[in-house]
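Examination of the molecular architecture
Take a look at the letters that make up each chain.
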Amino acid sequence: MSKPISSCLFLLALCPWLLTAAPPSLQEDSLPHVSDEALEKIEEIIEEEIVDNLAVRYLGLTPNSAASSCNQIAQLKPGYDSGYYWIKGTSGPTGVYCQLKGERFEREGGWMRAASVDMSESNSQCPIGLQLVTSPKRLCKRLTTPGCHSTIFPVQTQYSKVCGKAIAYQYEKPDGFGPARNTPGIDQTYLDGISITYGSPRKHIWSFAAVLDNTDTSNSYTCPCMDRGATFNGVIPAFVGNNYFCETGLHGGAATTRLYPNDPLFDAKGCKEPDTCCARGGPWFCVDLSQPTSEDIEMRICTNALNEDEDVLLESVEIFVQ
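Calculation criteria
Residues numbered from 1 in each chain as written. Predicted model: local features only at pLDDT ≥ 70, side-chain atom pairs only at ≥ 80, totals over all residues. Heavy atoms only, no water. Disulfide = S-S within 2.5 Å. Helix = DSSP H or I, 4+ residues; strand = E, 2+ residues; numbered from the N terminus. Buried < 20%, exposed > 50% of the residue type's maximum accessible area, 1.4 Å probe, protein only. Pairing = 2+ DSSP bridges. Axes fitted to C-alpha atoms, helices over the stretch in contact; angles between N-to-C directions. Core = buried A, V, L, I, M, F, W, Y, C linked by side-chain atoms within 4.5 Å.

Here the focus is the state of the cysteines. By definition, a disulfide links the sulfur atoms of two cysteines through a covalent bond. One pass over the structure, following the stated rule, counts 7 disulfides. Through a disulfide, Cys225 is tied to Cys277; the S-S separation comes to 2.0 Å. On the sign convention where negative is left-handed, the bridge of Cys225 and Cys277, at about 100 degrees about the S-S bond, is right-handed. Placement of the pair is Cys225 in the loop between strand S9 (203–210) and strand S10 (244–247) and Cys277 in the loop between strand S11 (259–265) and strand S12 (285–293), with a sequence separation of 52 residues. According to the relative accessible area criterion, Cys277 is buried, its value standing at 4%. There is a disulfide in this structure between Cys271 and Cys278, and the S-S distance comes to 2.0 Å. Disulfide Cys271 to Cys278: torsion about the S-S bond roughly 75 degrees, handedness right-handed. Taking relative accessible area as the criterion, Cys271 reaches 26% and is therefore assigned partly exposed.

The structure is reproduced here in structure tokens:
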């Protein structure tokens, strides 16, 4: 015997006039003969189609209608606004934030937010292991000195593109890619700044290098995009390539033992001519990976000296994947 709901579904499919106010007149023997086996098969198909239609209709709105990705939501539901939706994560339905309208960076399709820290919000907390600084701004300070502090952002979906940005502030006299002269490996402290990688072994996504100021004449501890009247003779690791931003928060004058709160790092603003560091496409970066992955993303805040001599304090970071 068929389940009552299945019989109803079959009956509605066979006789759609049941949903109308005036059904046609039928003789009992005019109904087609359908074997029990065929009836069960038809009922299964109808149920599957109804479930599929409901899943598309409510795509991303419930765990049972979870989308395969934020990009699928953007493609099938162009009327949806950016917000929180359900996707099929690697460990089951997962609630995530999807950018669907390109509010933050202009890239087509839907993007899943993999990381979000904004210390300008009064209730925000620093990632585990970072220390909160409240004056003159709410910022996150590393505890590891010297070296790198690591924060892992789980992704839980497959992706092949990454877009992101980080805003930080300079403390004292960081050396940009200067540390790479002695420790050029991706697992080492190859910069004073922020390193974004994914997977194990680490694979590079983007680097944010902070330098002392825009008047340093050593040409080893400055940004390649800063014109000092001489060729930059520092070392940018091969795995970094052109995937980096490099800025300073101090424009002229001697560095003192303090935080420089007036010019944020990596916001693509405040560069002084003839520097071209702010013309590198920031503050957002976007990278196409060599192949799809579902590996977690790692952020490391690094300097090769004690944080009383140099540091980079994090205010915000956002990372999206597709």
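Here we take up the sheet that holds S9. Taken in spatial order, the 5 strands make up an open sheet running S6-S13-S8-S9-S10, and their pairing is mixed. If you trace the sheet from one side to the other, it starts and ends with strand S6 (147–153) and S10, each paired once. For this sheet, the mean angle separating the axes of adjacent strands, direction not counted, is 15 degrees. The pairing of S9 with S10 spans 4 bridges and is classified as parallel. Its bridge partner being in S10, Ala209 is matched across the sheet by Cys246.

It is worth spelling out the nonpolar core at this point. Of all hydrophobic cores here, the largest spans 46 residues; its most connected members are Val162, Ile194, Ile205, Phe208 and Ile297. Looking at which element gives the most residues to this core, the answer is strand S14 (residues 310–321), with 5 residues. Formed by 14 residues, the second largest nonpolar core is a distinct cluster that contains Tyr190, Ala209, Val240 and Tyr244.

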